[in-house]
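Below are the chains, spelled out letter by letter.
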Amino acid sequence: MITEEDVIQIAGLADLSVPQGELTAFTGSFNAILEYFDILDTLEIEGSLERKLFNVFREDEVTESLSQEDALKNSHNPEEGYIRAPKVV
Amino acid sequence: MAEEFQVIIGLEVHCQLNTKSKLFCGCSADFRADAPNTHVCPVCLGLPGALPVLNKKAVEYALKVAKALNCTIPEEGEFCRKNYFYPDLVKAYQITMGDDPLAIGGYIEIEDDAGNPKVVNLTRIHVEEDPGRLVHMGNKERGYYTLVDYNRSGIPLIEMVTEPEMSSPKEARRLLNKLRATLEYLDVFDPEKEGSLRVDANISIKGHERVEIKNITSYKGVEKALTFEITRQKNLIRRGGRIVRETRHFQEGKGTTTSARSKETANDYRYFPEPDLPVIRVADWVKDIELPELPDARRDRFMSQYGIAVNHARTLTGDLKLAEFYETIAPVGAALAASWTADILMGELNYRDMHVSEVAGHADQFAELIGLVRDKKITDKAGVEVLRVWLDALHTEAKSEAPSAIVERLGLARESGESFRGIVEAILEKNPQAVADHKAGKKGALNFIVGQVMKETKGKSDPREIHAMISEILGE
Ligand SMILES: [Zn+2]
């Protein structure tokens, strides 16, 4: 059961604030989503859940990177090749 | 009461593995000289739909370290997402390992502060990706902001976690030295690259809360950071204060730690299995890994092969480049070469903030210098002077004239004692008090006289010879 305090804390970890008026709605949505897992838990699973896929590797080989121009395409207002972000300390 | 303040230290050491490419993508890991955001791709930028694929070499390197540090490799290792929101993480999570790390257990042997052997146990070793690099910008008037470079994002790291078993900053320093040397011998990291070895430390006074110090970017800063933190904690306890469990940042320049005011707890990271990466089963690879000679084995070999003292052997093998340097010059005389390298050269290098790698290419010249001392062509004192001139030249010009040429140019060749007899007699005459003290049996009274002679002869005289001559003149 997710409480309003849980929602505030989880939002805080992502640096988001929840407007007071939407807190109840978000809490309800969280709980509704988690209820789907209760449905999944009712499934009968044949055999074990052993993972058949393991040890998938790539060799240590260098491939081409993006150009700086392409790398910065999603960035607003880059500065001398850097991505700008808000103050964090 | 000293036992009131029993110090407990544990370390988390991050080491960048020197693979060619990043941990989960093919971007080149050789990024330091390049412009920001030029070693990035959809994977290490966390773009939607991009999928990580694990670099096999990184796992092999990590296993090599695990084997060298006597760890156990569990049957299965699993990558996890460690969630936190900070601009150095493109995906808002770091791919690391959680409950099923690459390696568990293991230990490192060091000496405690009394010089006795001590074993420090390891908790675990895991593989993870390095976050990006942040540059904090701006000022009060125009506002602060952050610049982000993701070239470092996805560089392979291993994190090695020790048990809280060290009881002084010096022990922690020795553990790091040993660990650094081992990693260097294993050839899995480059100690000369800035930030290639980074340390977080847990420190507490027994019976009180534990504090984590982050951000120790130079491994030499560890002892300083820990010493500061112990003093801070002791003073706080003495004043009746309470140690708060918190994360503090080390301020390298000031040598202090400041509270990071971090509110996150382990649960807040919401670790869960990384669905994009299958598990690894590599326990049976370990038997095929061949380890090179490691620092302790090399130290023991130096003692038996060259007949040198344990303290010299330990110093000389504490750095791979230094050990190799010593082995190239040992033929000139193993014991003399050991003391000239471990005691004299190291001191002069430290004084100049130089590393042995800067002189490694000129080992033949250093051997020549030791040869001049060995053959009594110059005195020890003149030898040190030649060494300084030689090092200064290497430091500024990366090359130097030969030691024999320096001796010639500066007129430092040792001259036989007889040519200084006049000087000795004059100095004896000028210092009757020292002579009287000596005759009255005062130990060391002659040292002053010998010192005066050395000064007068600009180090070209041999102090032992001068001692003998003074005794002869005084009719002893
Ligand atoms: Zn990449």
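Residues numbered from 1 in each chain as written. Chains lettered and ligands numbered in written order. Predicted model: local features only at pLDDT ≥ 70, side-chain atom pairs only at ≥ 80, totals over all residues. Heavy atoms only, no water.

Student: I'd like a description of a negative patch on the surface, backed by residues and values.
Tutor: A cluster of acidic residues, E75, D284, D288 and E290 of chain B, forms a negative patch at the surface. The residue D284 of chain B is located in the loop between β15 (272-273) and α4 (295-306) in this model. (Patch = residues over 30% accessible without salt bridge, like charges linked within 9 Å, V, L, I, M, F, W, Y side chains within 5 Å. Areas by Shrake-Rupley, 256 points an atom, 1.4 Å probe, with all protein chains shown as cover. Salt bridge = Lys/Arg side-chain N within 4 Å of Asp/Glu carboxyl O. Lys, Arg positive; Asp, Glu negative; His and termini not counted. Charge placed at Lys NZ, Arg CZ, Asp CG, Glu CD. Helix = DSSP H or I, 4+ residues; strand = E, 2+ residues; numbered from the N terminus.)

Student: Please set out the sheet that holds strand β8 (residues 133-139) of chain B residue by residue, giving values where relevant.
Tutor: The three strands lie next to each other as β2(A)-β9(B)-β8(B), forming an open sheet whose pairing is antiparallel. The sheet is open, and its two edges are formed by β2 (83-86) of chain A together with β8 of chain B, each paired on a single side. For this sheet, the mean angle separating the axes of adjacent strands, direction not counted, is 35 degrees. Here β8 of chain B pairs with strand β9 (residues 143-149) of chain B via seven bridges, running antiparallel. Residue pairing for β9 of chain B: L134 of chain B is matched across the bridge by V148 of chain B. (Pairing = 2+ DSSP bridges. Axes fitted to C-alpha atoms, helices over the stretch in contact; angles between N-to-C directions.)

Student: I'd like a rundown of the interface of chain A and chain B, residues and numbers included.
Tutor: Contacts between chain A and chain B engage 35 residues on the former and 52 residues on the latter. In total, chain A and chain B occlude about 3,600 Å² of area from one another, counting both sides; carbon and sulfur atoms represent 58% of this. The interface formed by chain A and chain B holds 20 residue pairs in polar contact (both at pLDDT 80 or more) in total. Looking at the side of chain A that touches chain B, the elements that each hand over two or more residues are α1 (4-13), β1 (57-58), α3 (68-71) and β2 of chain A. Counting residues per element, the side of chain A that touches chain B draws most heavily on β2 of chain A, at four residues. Looking at side-chain class alone, the side of chain A that touches chain B contains 17 nonpolar, seven polar and eleven charged residues. As judged from the two bridges shared by β1 of chain A and strand β2 (residues 54-55) of chain B, these two strands associate in the parallel manner. Of the residues in β2 of chain B, the one forming a bridge with R58 of chain A is N55 of chain B. (Contact = heavy atoms within 4.5 Å. Buried area = accessible area lost by both parts, 1.4 Å probe. Polar contact = N/O pair within 3.5 Å; in protein donor to acceptor, adjacent residues only side chain to side chain. Nonpolar A, V, L, I, M, F, W, Y, C, P; charged D, E, K, R; others polar.)

Student: Pulling in residues and values, what's your account of the confidence of the model for chain B?
Tutor: Residues of chain B with pLDDT of at least 70 account for 98%, and the chain-wide mean is 92. Across the assembled chains, the prediction reports ipTM 0.88 with pTM 0.86. (pLDDT = per-residue confidence, 0-100.)

Student: Mind laying out helix α14 (residues 445-456) of chain B, listing which residues take part and the relevant values?
Tutor: The set of residues buried in α14 of chain B consists of A445, L446, I449, V450, V453 and M454 of chain B. With its phi angle positive at about 50 degrees, K458 of chain B sits one or two positions after the end of α14 of chain B. (Buried < 20%, exposed > 50% of the residue type's maximum accessible area, 1.4 Å probe, protein only.)

Student: Before we move on, could you go through the coordination of the zinc ion and cite the residues and values that matter?
Tutor: Residue and element names in this part refer to chain B. For the zinc ion, every protein donor is listed as C25 (SG), C27 (SG), C41 (SG) and C44 (SG), and the spread of their distances is 2.3 to 2.4 Å. Around the zinc ion sit four donor atoms; with metal-centred angles ranging over 101 to 117 degrees, the donor geometry is tetrahedral. Taken in chain order, the donor set of the zinc ion reads C-x1-C-x13-C-x2-C. Residue C25 is located in the loop between β1 (7-16) and β2, and its partner C41 is located in the loop between β1 and β2; the two are separated by 16 residues in the primary sequence. For the residue pair C25 and C41, the accessibility class agrees, reading buried in each case. (Donors = N, O, S within 2.8 Å, 3.2 Å for Na, K, Ca; no water. Tetrahedral: all angles 85-135°; square planar, octahedral: opposite > 155°, others 65-115°.)

Student: Describe in detail the nonpolar core, supporting the description with residues and values.
Tutor: Residue and element names in this part refer to chain B. Formed by 109 residues in total, the largest nonpolar core has its most connected members in L11, I158, M160, L183, Y326, V359 and F366. Per-element tally for this core: the top contributor is helix α1 (residues 56-68), with eight residues. Two domains each put at least three residues into this core: domain 1 (7-288) and domain 2 (295-410). Setting aside its immediate chain neighbours within four residues, L11 contacts M160, V161, T162, M166, A172, L175, L176, V199, D200 and A201. Grouped together as the second largest cluster of nonpolar side chains are 14 residues, A434, V450, M454 and L474 included. (Core = buried A, V, L, I, M, F, W, Y, C linked by side-chain atoms within 4.5 Å. Domains from an automatic or database assignment.)

Student: Which residues make up the pattern of salt bridges, and what values do they have?
Tutor: Residue and element names in this part refer to chain B. Evaluation of the coordinates by the stated rule reveals 41 salt bridges over all chains. The shortest N-O distance in the salt bridge between E246 and R248 comes to 2.7 Å. In this structure, E246 and R248 share a single accessibility class: buried.

Student: So what about the pairing of strand β13 (residues 246-251) of chain B? Which residues, and what values?
Tutor: Residue and element names in this part refer to chain B. For strand β12 (residues 211-216) and β13, the ladder comprises four bridges, and the chain directions are parallel. Bridge pairing links E212 to T247 in β13. You can see the chain leave β12, run along helix α3 (residues 221-238) and come back into β13, and the turn it takes is left-handed. The pairing of β13 with strand β14 (residues 256-259) spans four bridges and is classified as antiparallel. Its bridge partner being in β14, F250 is matched across the sheet by T257. (Right-handed = clockwise from strand over helix to strand, strands pointing away.)

Student: Help me get a handle on the packing of helix α10 (residues 380-397) of chain B against helix α11 (residues 403-410) of chain B, residues and values and all.
Tutor: Residues and elements named next belong to chain B. Where α10 meets α11, the closest approach of the two axes is 10 Å, and the angle between their N-to-C directions is 110 degrees. Considering the angle they form, α10 stands roughly perpendicular to α11. In the packing of α10 onto α11, the handedness of the crossing is right-handed. Contacts between α10 and α11 involve V386, V389 and W390 on the former and, on the latter, P403, I406, V407, R409 and L410. Split into classes, the residues belonging to the contact of α10 with α11 amount to seven nonpolar, no polar and one charged. (Parallel < 35°, antiparallel > 145°, perpendicular 65-115°, else oblique. Left-handed = near helix turned anticlockwise from the far one by under 90°.)

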